[in-house]
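# Fold and contact review
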Amino acid sequence: MAKITLSNLRHSYLPNPSGPADYALKEIDLDWRDGGAYALLGPSGCGKSTLLNIISGLLVPSEGRILFDDRDVTDLPPDQRNIAQVFQFPVIYDTMTVRDNLAFPLRNRGVAEARIAERVAEIATMLEVEEMLDTRASHLSPDNKQKISMGRGLVRDDVNVVMFDEPLTVIDPHLKWKLRSKLKELHQRVRATMIYVTHDQTEALTFADQVVVMQEGEVVQIGTPVELFERPQHTFVGHFIGSPGMNILPVEERDGGAFLHGHPVTLEGQVTGQGGRTELGVRPEFVSLSDQGLEARVRKVSDVGRHAVVEAMLGDTSVKAVVEGDVPEQGAQVHLAFRPDHTRLYRDGWLSTENEGSART
Amino acid sequence: MKTENQKAWFFVLPVLFLVAFNALVPIMTVVNYSVQETFGNNVFFWQGLDWFEQILRSDRFQAALGRQFLFTFLILIIEVPLGIIIALSMPKKGMWVPVCLVLMALPMLIPWNVVGAMWNIFTLPKIGLMGYFLNDVLGINYDMTQNPFAAWVTIIVMDVWHWTSLVVLLSYAGLVSIPDAYYQAAKIDGASPWKVFRYIQLPKMKTVLTIAILLRFMDSFNIYTEPFVLTGGGPGNSTTLLSIDLVKIALGQFDLGPAAAMSLIYFAITLLVSWLFYTLMTKDDAQ
């Protein structure tokens, strides 16, 4: 197990990248704590799989270094990095039994047979696949196949990091939840560093202690699930995480304050910086319908179970609010109030207000 | 109670007609000849299983059958591994892929009698490029009209040249269908190139390889045109394979009865070996 450091990492699939647009990964500096459970979250094509393949050694970065416990491994091939990777589609060796599949990485490294038997038994118990050990791996269901490919990663006790590349893509919905909790449990037992790549926020937020959100080859925020929800550093994070995502409303900035359709809006704190495109960010959970505030007309009400999402038109911009209890009719006139400690200003996408003490949750 | 839809029979009917006319009727005609003796004028005499017995006991048939098995065995043992090796070393992507594929397909596009004629000229001493090179440059005594060994080498090299591509193309199709993740996982698991071949590539190629071997077995077991054009079965009877012998009996000597009996035995052997082979190759999938 090891701490992983990525320093000044850049990668381009083109031989001679000229501008930032040619880079699949733009300047990544990251530290992954030993034994941490991380998620790499972002939409398809944001560079998360590229980053994963660079850590595993399947790809050599155009620039920058990768350190495992301060040892430079940038030029080492995957088998010498002591890493494990679970792929989107379960990779199993069809002609072998489950037992031989699990033993394969150890046999290739010349581990003694007695030790192999011990480790395989241990992992099989952990994954609850003992009774399948002697069946041919090709006869397993997709979720069991995926369990076996996880097992092949976990069977080596010297593994530095286990990486998961959207491992639940081919799994039936009702089994996804089961495998996800299994993973979480495994992490608590083996305490290996784990990196979980996904574009599904639920998967990322339930698995990880720390979530790394990426967009267009850049890391936009690293934080706990709570931090990402409560205080997104970038409008992308606000929008991408949460259901529905954060309201991003164009505002006018004047005299250190924000004005939405001419009405002043109270922000969480002091505005920093100046110029650029300014937007107001407030999560639907912190928008309430009240007697006073900004006037808006209800366009749509959707009942999503525990609560309702009210979409109201404030002039020509739509604002969503999460409402519990009574909901207004479609077309009704309402007043919107934003909770000040959760109302922020974003400048060119990035957070541009200071948090004032007690407001932090 | 289960009700069955009898209308389904109507849909099978056209196929039944087709199969009847291109397989059942010709085969039954052959069966008809195989149990009778005729002297022309459509006069037949019942012969029973005499022809079968005569064929099976004849040294001539046994020798031809032996040569046939030897030929098929030799070309399979050369073409299958060679085809796999070539497929493994072909590029997986890039501009060279279409070039390689076309080069590989070329020999198979040439008609069989042309292949025979080409190799006939190619190997002629004094005139043919290969014949001249072997005899006059390297000083090896090579003349397939005189030497049975030279004749055998030539028909085998010719078949390898003509048909290895089939194994290559089918194996290649199996290889490119393997997702990258398998190779990446194998790298991470620390698998050696041999283990990658043994546990990833070979299992994934298995289905197409079964088809390739079956096709090559049936084609080579029934081969006629190329060796007929090349050696005509000689020198002596040394390259007289089953089909060549069969044509000699049927059309050369016009012994229709024995020829028909021989055809049926020939057919039964091909069918039996193909079935045995297919059962063995697919056995462990069905457990």
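Reading the values: the criteria
- Residues numbered from 1 in each chain as written.
- Chains lettered and ligands numbered in written order.
- Predicted model: local features only at pLDDT ≥ 70, side-chain atom pairs only at ≥ 80, totals over all residues.
- Helix = DSSP H or I, 4+ residues; strand = E, 2+ residues; numbered from the N terminus.
- Rg over C-alpha atoms; globule rule 2.2 N^0.38 Å.
- Buried ≥ 20, exposed ≤ 12 C-beta atoms within 10 Å, placed from the backbone.
- Contact = placed C-beta atoms within 7 Å.
- Pairing = 2+ DSSP bridges.
- Axes fitted to C-alpha atoms, helices over the stretch in contact; angles between N-to-C directions.
- Nonpolar A, V, L, I, M, F, W, Y, C, P; charged D, E, K, R; others polar.
- pLDDT = per-residue confidence, 0-100.
- Domains from an automatic or database assignment.
- Parallel < 35°, antiparallel > 145°, perpendicular 65-115°, else oblique.
- Left-handed = near helix turned anticlockwise from the far one by under 90°.

## Brief notes about the overall build of chain B
Tallying secondary structure elements over chain B gives 12 helices and two strands in all. Listing each helix as α and each strand as β along chain B from the N terminus yields α-β-β-α-α-α-α-α-α-α-α-α-α-α. A globule of 287 residues ought to have a C-alpha radius of gyration of about 19 Å, yet chain B, at 24 Å, is considerably larger. If one aligns the C-alpha atoms of chain B with their principal axes, the spans along those axes are about 80 × 75 × 30 Å. Scored against the burial criterion, the 287 residues of chain B give a buried share of 28%. Residue pairs in contact within chain B that sit at least 24 positions apart in sequence constitute 70% of those at least 6 positions apart.

## What to know about the overall build of chain A
Regarding its fold elements, chain A presents eight helices and 22 strands. Within chain A, the fraction of its 361 residues that count as buried is 41%.

## Quick look at the sheet that holds strand S8 (residues 193-198) of chain A
All names here are of chain A. Read across the sheet, six strands follow the order S6-S7-S8-S3-S9-S10 without closing on themselves; strand pairing throughout is mixed. Bordering the open sheet on either side are strand S6 (83-86) and strand S10 (218-223), each of which pairs with just one other strand. Pairs of neighbouring strands in the sheet enclose a mean axial angle of 20°, with direction left out of account. Pairing of strand S9 (residues 210-215) with S10 involves five bridges; the strand directions are antiparallel. Bridge pairing links Val212 to Ile222 in S10. Together, S6 and strand S7 (161-165) form the strand contacts of helix H4 (residues 142-154), whose direction differs from that of S6 by roughly 175°.

## Side note on the sheet that holds strand S2 (residues 25-32) of chain A
Hydrogen bonds between backbone atoms are what pair the strands of a sheet, whose relative direction is either parallel or antiparallel. Residue and element names in this part refer to chain A. Read across the sheet, four strands follow the order S2-S1-S4-S5 without closing on themselves; strand pairing throughout is antiparallel. Here the strands that pair on one side only, and so sit at the sheet edges, are S2 and strand S5 (71-72). As defined by bridge partners, strand S4 (residues 63-68) adjoins S5 across two bridges and the pair is classed as antiparallel. By the bridge assignment, Phe68 is partnered in S5 with Arg71. Packing of helix H1 (residues 48-56) onto the sheet brings it into contact with strand S1 (4-11), S2 and S4, and relative to S1 it is tilted by some 125°.

## Topic: the interface of chain A and chain B
On the chain B side, the residues contacting the 20 residues of chain A number 12 residues. Elements with a minimum of two residues in the side of chain A that touches chain B: S6 and helix H2 (98-108) of chain A. For the side of chain A that touches chain B, a count of residues per class yields 12 nonpolar, four polar and four charged.

## A look at the pairing of strand S15 (residues 278-282) of chain A
Residue and element names in this part refer to chain A. Across the five residues of S15, five count as buried, placing the element largely inside the fold. Side-chain alternation along S15 places Thr278, Leu280 and Val282 on one buried face and Glu279 and Gly281 on a second face that is also buried. Judged from the four bridges that link them, strand S11 (residues 247-250) and S15 form a sheet pairing that is antiparallel. Paired with Pro250 across the bridge in S15 is Glu279. Both S15 and strand S21 (residues 344-347) contribute to a ladder of four bridges, which runs antiparallel. The residue bridging Glu279 from the neighbouring strand is Tyr346, located in S21.

## Regarding the confidence of the model for chain B
All names here are of chain B. In this model, chain B carries an average pLDDT of 85, and 98% of its residues clear a pLDDT of 70 or more. For chain B, strand S2 (residues 44-46) is the element with the lowest average pLDDT, namely 77, and helix H3 (residues 59-89) is the one with the highest, namely 91. Confidence estimates for the predicted assembly give a pTM of 0.75 and an ipTM of 0.75.

## Describing the domain arrangement of chain A
According to the domain assignment, chain A contains domain 1 (4-230) and domain 2 (243-356). In this structure, domain 1 of chain A and domain 2 of chain A have C-alpha centres spaced 38 Å apart.

## Section: the packing of H3 of chain B against helix H7 (residues 148-176) of chain B
Residue and element names in this part refer to chain B. Between H3 and H7, whose axes approach to 7 Å, the crossing angle comes to 45°. Of the possible angle classes, the one that applies to H3 and H7 is oblique. The two elements H3 and H7 meet at a crossing, and its hand is right-handed. Of H7, the residues touching H3 (which contributes Leu74, Ile75, Ile78, Glu79, Val80, Leu82, Gly83, Ile84, Ile86 and Ala87) are Ile156, Asp159, Val160, Trp163, Thr164, Val167, Val168, Ser171, Tyr172 and Leu175. Classifying every residue of the contact of H3 with H7 gives 15 nonpolar, three polar and two charged.

## Remarks on the pairing of strand S13 (residues 257-260) of chain A
Residue and element names in this part refer to chain A. The two faces of S13 differ: Ala258 and Leu260 on one face are buried, but Gly257 and Phe259 on the other face are not. As judged from the three bridges shared by strand S12 (residues 252-254) and S13, these two strands associate in the antiparallel manner. Each bridged residue has a counterpart across the sheet, and for Glu252 the counterpart in S13 is Phe259. Between the antiparallel neighbours S12 and S13 lie two residues, among them Asp255 with a positive phi of about 50°.

## Notes on the environment of Ile92 of chain A
All names here are of chain A. The residue Ile92 is located in the loop between S6 and H2 in this model. Here the alpha-carbon distance between Ile92 and Ile148, two residues 56 residues apart in the chain, equals 7.3 Å. If near-sequence neighbours (up to four positions away) are discounted, Ile92 is found in contact with Asn101, Ala137, Lys145, Ile148 and Ser149.

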